[in-house]
Amino acid sequence: MSQKLFDLSNKVIVLTGSAGRLGSNFAHILGDAGANLILVDIDYKKNEKIEKIISKKFGIKTICSNADITKKAELEELCKLSVKKFGRIDGLVNNAFYSPRTNIKNSAMKFEEYQSDLWNDVVSVNLTGVFLCCQIFGKIMSKQKTQSSIVNISSIYGINGADQRIYGKSKLNSPPSYAATKGAIVNFTRYLAAYWNKKNIRVNTMTLGGVLDESYMDKKFIKNYSEKTIIGRMANSDEYNGALLFLLSNASSYMTGANLVLDGGWSAW
């Protein structure tokens with residue numbers, strides 16, 4: 001009974017940002033649950049490698065795409081291809097995002113000097129990209145009689161202000177565009193849940209805490225961040241898998257318009 005509750009066998013799920021640290025983990029857990037996957041990431045080479053691994057390991061059907069989620073025409077073409085191959089869309093995970101922290105110079109920029117073109121770049125991926133994916137794939141879901149699920153990925157910096165004290169001299173400070181877009185996603189989710197209330201589409205947010213990555217995080221930042229969480233550490237990259245499986249499966253059948261916060265207790269004190 002419990003296994004059936006979380007079963008995604010033969011479900012068709014679109015996963016954006018599938019080649020990233022979290023995205024690759026999500027791809028594996030969804031494949032393990034039996035879902036057929038449409039993997040979307042601009043890093044096609046890395047995405048293709050993940051596709052080959054999970055399709056062989058779990059025996060699922062897949063589509064690998066490098067569609068740009070900020071380009072409506074590319075998403076429409078992908079949607080058309082997906083429906084042609086699978087006949088339907090059962091789920092969408094809006095996991096792809098862009099943060100200027102990948103560029104140390106940009107992430108360390110003072111708010112008073114923050115560039116509008118950089119702001120627009122972040123908004124185009126983190127917000128417009130989510131809007132387009134929900135619009136295009138949601139249109140297919142709204143015509144189906146079976147229940148489907150959309151999961152939008154947000155961040156604790158979408159519900160809390162970034163604590164400037166934990167960064168010290170680090171140049172990893174979270175930019176204003178990231179906070180603004182991740183905050184907008186939380187209420188955009190509520191809008192869609194209410195809008196599609198009679199269309200068998202559930203829409204929920206997963207708000208995530210920081211994931212440990214020693215390749216670019218310095219020890220002082222990791223220590224400061226960990227001390228702000230009740231659990232006392234940053235998340236491992238596989239610790240959000242269960243929550244995603246919950247939101248996409250029948251286990252959360254009475255849940256929509258909600259914001260599931262997974263932050264190790266960051267926002268609880």
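For the structure, see preceding data.
Keep in mind that this is a model prediction, so the values were computed, not measured.

### Quick notes on the overall build of the protein chain
Part 1 of the argument: Each helix and strand counted, the protein chain has nine helices and seven strands in total.
Part 2 of the argument: Its C-alpha atoms give the protein chain a radius of gyration of 18 Å, near enough to 18 Å, the size a compact globule of 269 residues would have.
Part 3 of the argument: With respect to the principal axes defined by its C-alpha atoms, the protein chain has extents near 50 × 40 × 40 Å.
Part 4 of the argument: In the protein chain, which comprises 269 residues, the share counted as buried stands at 50%.
Part 5 of the argument: Here the analysis covers contacts within the protein chain between residues at least 6 apart in sequence; of these, 75% occur between residues at least 24 apart.
Part 6 of the argument: When the accessible surface of the protein chain is totalled, it reaches about 13500 Å², and 53% of it is carbon and sulfur.
Part 7 of the argument: With 35 positive and 23 negative side-chain charges, the protein chain shows a spacing of 5 Å between the two charge centroids.

### Section: the pattern of salt bridges
Part 1 of the argument: Tallied over the full model, the rule gives seven salt bridges.
Part 2 of the argument: The partner of R165 in a salt bridge is D163, with the nearest N and O atoms 2.9 Å apart.
Part 3 of the argument: Taking relative accessible area as the criterion, D163 reaches 11% and is therefore assigned buried.
Part 4 of the argument: When the shortest N-O distance is used, the salt bridge between D163 and K228 registers 3.0 Å. Of this pair, D163 sits in the loop between β5 (148–155) and α7 (176–195) while K228 sits in the loop between α8 (219–227) and α9 (241–248); the two residues are 65 residues apart in sequence, bridging distant segments of the chain.
Part 5 of the argument: Several salt bridges converge on common partners, so that one network encompasses D163, R165 and K228.

### A look at the packing of aromatic side chains
Part 1 of the argument: Scanning the model with the defined rule gives seven aromatic pairs in all.
Part 2 of the argument: Centroid distance Y157 to W266: 6.2 Å. Interplanar angle 75°. Geometry classified as edge-to-face. Taken together, the residues Y157 in the loop between β5 and α7 and W266 in the segment after β7 (259–262) connect sequence positions 109 residues apart. By the burial criterion, Y157 is buried, and W266 matches it.

### Quick notes on helix α2 (residues 21–32)
Part 1 of the argument: For α2, with 12 residues, the first-to-last C-alpha span of 17 Å sits near the 16 Å given by 1.5 Å per residue.
Part 2 of the argument: Taken as a whole, α2 has its buried residues at L22, G23, S24, N25, F26, A27, L30 and G31.
Part 3 of the argument: For α2, the elements touching its buried residues are β1 (12–16), β2 (36–40), α3 (44–58), β5, β6 (201–208) and α9.

### Digging into the pairing of β6
Part 1 of the argument: Most of β6 is tucked away, with eight of its eight residues classed as buried.
Part 2 of the argument: With burial as the criterion, each face of β6 is covered, one bearing I201, V203, T205 and T207 and the other bearing R202, N204, M206 and L208.
Part 3 of the argument: In the sheet, β5 pairs with β6 via eight bridges, with the strands oriented parallel. Note on β6: the bridge partner recorded for V151 is N204.
Part 4 of the argument: Sheet topology note: the β6/β7 ladder contains four bridges and is parallel. Among the inter-strand pairings, L208 is bridged to a residue of β7, identified as L262.

### Digging into the environment of T16
Part 1 of the argument: Mapped onto the elements, T16 comes out in strand β1.
Part 2 of the argument: In sequence terms T16 and I69 are 53 residues apart; their C-alpha atoms lie 8.2 Å from each other.
Part 3 of the argument: Apart from residues lying up to four places away in sequence, T16 is in contact with V40, I69, V93, N94, N95, A96 and C133.

### Remarks on the packing of α2 against α3
Part 1 of the argument: Contact pair α2 / α3: the axes reach a minimum separation of 9 Å and the direction vectors enclose 20°. In terms of orientation, α2 lies roughly parallel with respect to α3. Where α2 crosses over α3, the handedness of that crossing is right-handed. Residues S24, A27, H28, G31 and D32 of α2 form the contact with α3, whose own contacting residues are I50, I53, I54, K57 and F58.
Part 2 of the argument: By residue class, the composition of the contact of α2 with α3 is five nonpolar, three polar and two charged.

### Regarding the nonpolar core
Part 1 of the argument: With 30 residues, the main nonpolar core has I38, L92, F137 and I150 as its most contacted residues.
Part 2 of the argument: Counting residues per element, this core draws most heavily on helix α6 (residues 116–142), which supplies eight residues.
Part 3 of the argument: Among all residues touching F137, those that are not within four sequence positions of it are V14, L75, L78, C79, I89 and L92.
Part 4 of the argument: Core analysis: the second largest hydrophobic core is formed by 29 residues, L8, A27, L30 and L39 among them.

Rules and cut-offs
Every residue gets a number counted from 1 within its own chain, in the order that chain's sequence is written. Predicted model: local features are reported for residues with pLDDT of at least 70 only, side-chain atom pairs are reported and counted for 80 or more only, and whole-chain, interface and lining totals are derived from all residues. Side-chain metrics in this entry use all non-hydrogen atoms of the structure; hydrogen atoms and water are not considered. Under the DSSP-based scheme used, a helix requires at least four consecutive residues in state H or I and a strand at least two consecutive residues in state E, with every element numbered from the N terminus. Atoms considered for the radius of gyration are the C-alpha atoms alone. The globule rule reads 2.2 Å times the number of residues to the power 0.38. Residue burial is assigned from relative accessible area. The probe radius is 1.4 Å, only protein chains are included, and a residue is buried under 20% of its type maximum, exposed over 50%, and partly exposed in between. Note on definitions: a residue-residue contact is assigned when non-hydrogen atoms from the two residues lie within 4.5 Å. Areas reported as accessible are Shrake-Rupley estimates using a 1.4 Å probe. Residue values count occlusion only from the protein chains shown. Only four residue types enter the charge count, namely Lys and Arg as positive and Asp and Glu as negative; His and the chain termini do not. A single reference atom marks each charge: NZ on Lys, CZ on Arg, CG on Asp, CD on Glu. Salt bridges are identified by distance alone: a Lys or Arg side-chain nitrogen within 4 Å of an Asp or Glu carboxyl oxygen. Only Phe, Tyr and Trp rings take part, Trp by its six-membered ring, and two of them pair if their centres are within 6.5 Å. Stacked means planes under 30 degrees apart, edge-to-face means over 60, and tilted covers everything else. A helix is expected to span 1.5 Å for every residue after the first. Here the rule is simple: two strands pair whenever DSSP picks up at least two bridges between them. Here the axes come from fitting lines to C-alpha atoms, over the contacting stretch only for helices, and the angles between their N-to-C directions go from 0 to 180 degrees. Working rule for angles: under 35 degrees goes down as roughly parallel, over 145 as roughly antiparallel, 65 to 115 as roughly perpendicular, anything else as oblique. Each crossing gets its hand from how the near helix is turned against the far one by less than a right angle, where anticlockwise is left-handed and clockwise is right-handed. By the convention adopted, Pro, Cys, Tyr, Trp, Phe, Met, Ile, Leu, Val and Ala count as nonpolar, Lys, Arg, Asp and Glu as charged, and the other residues, Gly among them, as polar. Each nonpolar core is a collection of buried residues, namely Ala, Val, Leu, Ile, Met, Phe, Trp, Tyr and Cys, held together in the definition by side-chain atoms within 4.5 Å.

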